[in-house]
Amino acid sequence: MSDTQAHSVAYVRDTMLPQQPAPAGQSGAVQWLRENLFSGWLNTLLTLLGVALIYTLVMHFLPWFLHGVWDANSIKECRTIITDRYGEGATGACWAVIRERWHQFIFGFYPPELYWRPILTFLLLFVAVGPLLFTWVPRVLAWFTPVYPFLAVWLLWGGSGWTPLMIFAGFVLGAAILLVLSPRLGSIMAFSIGAFVAILYFLFVVGPLIDGLQAILPWGLESVDSAKFGGFLLAITLGVGGIMMSLPLGIVLALGRQSDMPLVKGFSVVFIEFIRGVPLITLLFVASLLLNYFLPPGTNFDIILRVMILVTFFAAAYIAEVIRGGLAALPRGQYEAADALGLDYWKAQRLIILPQALKISIPGIVSTFIGMFKDTTLVVFVGLFDPLKGIPDFIRADFNWKGIYWEPFIFVGAIFFILNFAMSRYSMSLERRLQRDNH
Amino acid sequence: MTSAPDAPEQGFRLSQLIYDTRYRSLTIQAIVFILVMGGAAWLVDNVIQNLNDLGKDFNFSFLGQRAGYDIGNAIIPYNNDMSHGRALLVGLINTLWVSFLGCVAATIIGIFVGVLRLSKNWLVARLMTVYVEVFRNIPVLLWILVAIALLTDVAPSPNAYKVNQQTGEAQASMLLDSVAFTNRYTAIPSVHFDRSLGSLDTALAPISLNFLALVIVLIASIWVNKRMLTHAAKVQESTGVRPTMWWKSALVLIAPVVILAIALGINPEEPQIKGFNFTGGTNVSNSFVALWLGLSLYTAAFIAEIVRAGILAISKGQTEAAFALGLRANRTMSLVILPQALRVIIPPLISQYLNLTKNSSLAIAVGYLELRGTLGGITLNQTGRELEAITLMMLIYLAISLSISGVMNVYNNRVKLKER
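A few points on the structure. This one's a predicted model, so the numbers in the text were calculated from it and none came from an experiment.

## Points about the overall build of chain A
Step number 1: Scanning chain A from terminus to terminus reveals 17 helices and two strands.
Step number 2: Its C-alpha radius of gyration of 30 Å places chain A more than 25% over the 22 Å reference for a compact globule of 439 residues.
Step number 3: Along the longest, intermediate and shortest principal axes, the C-alpha atoms of chain A span 105 × 80 × 40 Å.
Step number 4: Within chain A, the proportion of its 439 residues that are buried is 41%.
Step number 5: A total accessible area of about 24000 Å² is found for chain A, and carbon and sulfur atoms account for 70% of it.
Step number 6: For chain A, the distance from the average position of its 28 positive side-chain charges to the average position of its 26 negative side-chain charges is 3 Å.

Set out below in structure tokens:
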């Protein structure tokens with residue numbers, strides 16, 4: 001066919017023409033502008049409005065930022081320097097307050113010579129959660145994860161080195177009993193006996209044991225009072241501690257809510273809905289005002305611990321709902337397959353259901369954590385020094401820094417933004433990764 | 001024919017309680033029940049003992065006592081001679097009011113931002129992304145504090161709005177000539193009726209009959225409109241032709257209310273500076289404005305994401321299918337896209353409303369007296385009844401939350417996909 005064609009036409013081109021660049025209006029920056037900014041009258045209008053908005057904001061705030069003063073000892077000095085440099089009526093940021101007080105924003109009133117302890121705790125946090133969050137971290141590090149909470153508490157609050165060791169020993173004792181007895185007695189009996197022995201140990205043995213060991217071989221770190229905690233140290237301690245403690249409780253509550261047993265389900269639902277139905281602030285008031293009513297007379301313990309307990313309850317209720325979503329998202333076949341293999345309830349949960357459900361829930365857990373971390377600022381209302389209001393109010397109480405509002409807001413807001421933004425990006429990347437896994 | 005051998009007859013053994021799945025759940029439930037009840041009993045016992053030690057009792061009679069403090073933002077009539085119970089009620093209404101206005105504003109801003117974030121306009125989409133990320137990742141407390149600092153520190157005093165006699169101009173000018181932000185309050189226009197029908201005195205608050213009449217007329221118009229639409233649907237079913245309804249609907253919905261409002265002599269009253277203060281309009285306290293702004297802007301960022309996700313969740317095939325069926329663009333939107341998108345949007349939206357309502361307790365940061373400020377704040381401090389006040393406050397918040405989620409459940413069941 002092509003033969004006849006070739007004979008009937010006088011000239012057939014047998015080489016390709018070199019490619020031509022697209023017309024000027026159809027390529028490059030011009031085309032991009034036309035498509036993305038000026039594709040219609042509405043878009044053009046929106047673009048112009050956007051440009052106007054950015055222009056106003058920049059014109060308003062840029063001079064203030066540029067006139068910033070880092071080297072001053074009071075807000076008055078700042079203002080004099082700005083007036084001297086930029087003339088009467090000029091405004092500028094007084095970053096000097098950040099330079100002078102940054103340690104209070106970060107560490108609160110923690111003794112400066114001991115700053116290495118919170119810093120070390122913070123760095124070790126990444127070693128502890130690394131194996132859980134990133135696949136490229138060596139799995140060997142996972143043994144460190146269960147040790148970390150005890151180590152962190154000891155590093156932050158100090159005190160006798162025997163305390164965390166012996167408390168950890170109690171958990172090891174319970175776990176050992178569970179492991180030894182479970183082949184002979186079955187997991188339920190073994191768990192009950194292990195838990196019982198561990199509780200007895202905590203109630204009656206651990207206190208005298210620590211005192212005795214401390215008397216024989218004293219070692220430890222200088223102890224730091226809870227009242228010295230503040231700023232981001234407090235926020236991160238409460239946030240991380242709350243999430244860590246609330247994870248097990250949240251898993252139990254989620255399983256309870258999915259349970260076939262009406263009583264267990266009922267209690268779980270009541271707990272979850274009650275906690276989720278009230279503002280965190282009321283729970284914090286419970287921690288600061290009411291907890292003393294609910295405990296035996298004469299009990300009085302640390303405000304941070306009290307707040308942490310209530311924050312844990314609060315986070316647990318939310319995490320339970322996140323994990324319940326994960327459990328519900330698992331195909332029914334997974335449960336049936338576990339049953340078909342003859343696994344009992346706990347084995348099925350541990351080996352088949354929870355690993356998958358938790359994996360699906362990690363993004364939700366991360367966003368719960370972001371929410372919790374933001375909510376830790378509310379502890380200012382029970383008298384703790386959070387970085388957002390507690391510390392700035394304290395700094396403003398100093399006559400030198402009276403009336404300084406925007407610089408602390410910007411500094412603290414920026415740190416919150418960076419931390420939370422990083423976490424939310426992580427959770428999004430995780431979501432994408434998990435999505436690929438499932439398909 | 002074979003028959004299965006009977007299971008060996010055995011008496012009930014105690015170990016069956018643990019090892020037999022028929023009884024195990026009963027055992028576990030019994031143990032859980034005993035543990036929970038034991039724990040509760042322990043707590044209650046501690047409370048009784050602690051109350052005894054302190055010489056206190058547990059009763060709510062303090063709600064009947066004289067409150068003795070003023071509430072600057074009371075919506076229903078209140079003075080400091082009234083009871084703590086009345087103060088509680090004022091606080092509760094303030095909570096609901098700021099939450100309601102916050103939800104409305106957050107929804108409007110959120111829808112705008114969510115839709116604009118999907119816009120093809122690069123600049124606008126980026127700007128909206130920045131807005132969402134900045135507001136979502138910073139605690140709401142900061143936004144409330146920023147708002148109050150803006151209002152008290154940066155806004156001019158009411159005096160600045162006064163026209164200077166010599167120069168003939170004022171230092172500050174009002175927004176759209178009707179809203180003035182000052183460092184003490186925000187002056188906004190109010191609605192005024194020339195002819196009043198009087199007011200109805202109820203135990204809660206006097207209700208303006210003008211307002212009541214407008215509401216009744218509006219409800220009646222909506223009902224009539226609904227009847228007309230049902231009728232139109234009937235006509236369409238029997239004849240195949242739908243009568244033109246839009247102008248009739250508009251007439252029925254708008255005309256009666258407008259006519260009544262004009263008959264009552266409605267006119268906006270704009271705030272005027274007189275002496276050192278604004279009179280005429282309504283002066284809204286800055287604490288309220290700051291709380292409302294902070295909550296709305298923060299929640300709007302979350303709502304924007306929900307709206308965006310809802311729109312993205314509807315596949316393009318739905319639009320194409322609707323076009324293939326010959327539906328016009330607006331009908332595609334109202335009949336195909338929106339009903340499906342709303343099913344995705346509404347549940348998380350309502351849970352954001354819930355969050356906003358709970359976050360309104362942050363009023364403590366700006367000193368706006370809502371439920372936490374009255375019952376959980378001044379009343380608690382004056383009467384020293386922490387246990388009663390906090391319990392009652394939690395129960396009220398719980399009741400609000402549960403009723404909102406109840407509404408959500410009803411909605412979810414109504415729009416649930418009907419599957420096999």
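## Things to note about the state of the cysteines
Residue and element names in this part refer to chain A.
Step number 1: Taken as a whole, this structure holds one disulfide over all chains when the rule is applied.
Step number 2: Note that cysteine 78 is cross-linked by a disulfide to cysteine 94, the S-S spacing being 1.8 Å. Around the S-S axis, the bridge from cysteine 78 to cysteine 94 shows a dihedral of about 70 degrees and counts as right-handed. Placement of cysteine 78 in helix H4 (residues 75-86) and of cysteine 94 in the loop between H4 and helix H5 (96-107) is noted, with a sequence separation of 16 residues between them.

## Things to note about the interface of chain B and chain A
Step number 1: Taken together, the 60 residues of chain B in the interface contact 56 residues of chain A.
Step number 2: With both chains or domains summed, chain B and chain A bury close to 5100 Å², and 76% of this area falls on carbon and sulfur atoms.
Step number 3: Our count for the contact surface shared by chain B and chain A stands at one salt bridge.
Step number 4: One salt bridge connects B:Glu133 with A:Arg425, and the closest N-O pair in it is separated by 2.9 Å.
Step number 5: Taken together, chain B and chain A are joined by 17 residue pairs in polar contact (both at pLDDT 80 or more).

## Focus on helix H8 (residues 286-313) of chain B
Residue and element names in this part refer to chain B.
Step number 1: Counted at 1.5 Å a residue, the expected span for H8 with its 28 residues is 40 Å, and the 40 Å between its end C-alpha atoms agrees.
Step number 2: Its axis deflected by about 25 degrees at alanine 300, H8 carries its strongest bend there.
Step number 3: Within H8, 20 of the 28 residues are buried, which leaves the element mostly enclosed by the surrounding structure.

Rules of the game
Residues numbered from 1 in each chain as written. Chains lettered and ligands numbered in written order. Predicted model: local features only at pLDDT ≥ 70, side-chain atom pairs only at ≥ 80, totals over all residues. Heavy atoms only, no water. Helix = DSSP H or I, 4+ residues; strand = E, 2+ residues; numbered from the N terminus. Rg over C-alpha atoms; globule rule 2.2 N^0.38 Å. Buried < 20%, exposed > 50% of the residue type's maximum accessible area, 1.4 Å probe, protein only. Areas by Shrake-Rupley, 256 points an atom, 1.4 Å probe, with all protein chains shown as cover. Lys, Arg positive; Asp, Glu negative; His and termini not counted. Charge placed at Lys NZ, Arg CZ, Asp CG, Glu CD. Disulfide = S-S within 2.5 Å. Contact = heavy atoms within 4.5 Å. Buried area = accessible area lost by both parts, 1.4 Å probe. Salt bridge = Lys/Arg side-chain N within 4 Å of Asp/Glu carboxyl O. Polar contact = N/O pair within 3.5 Å; in protein donor to acceptor, adjacent residues only side chain to side chain. Expected span 1.5 Å × (residues − 1). Bend = angle between axes of the 7 residues up to and from the residue.

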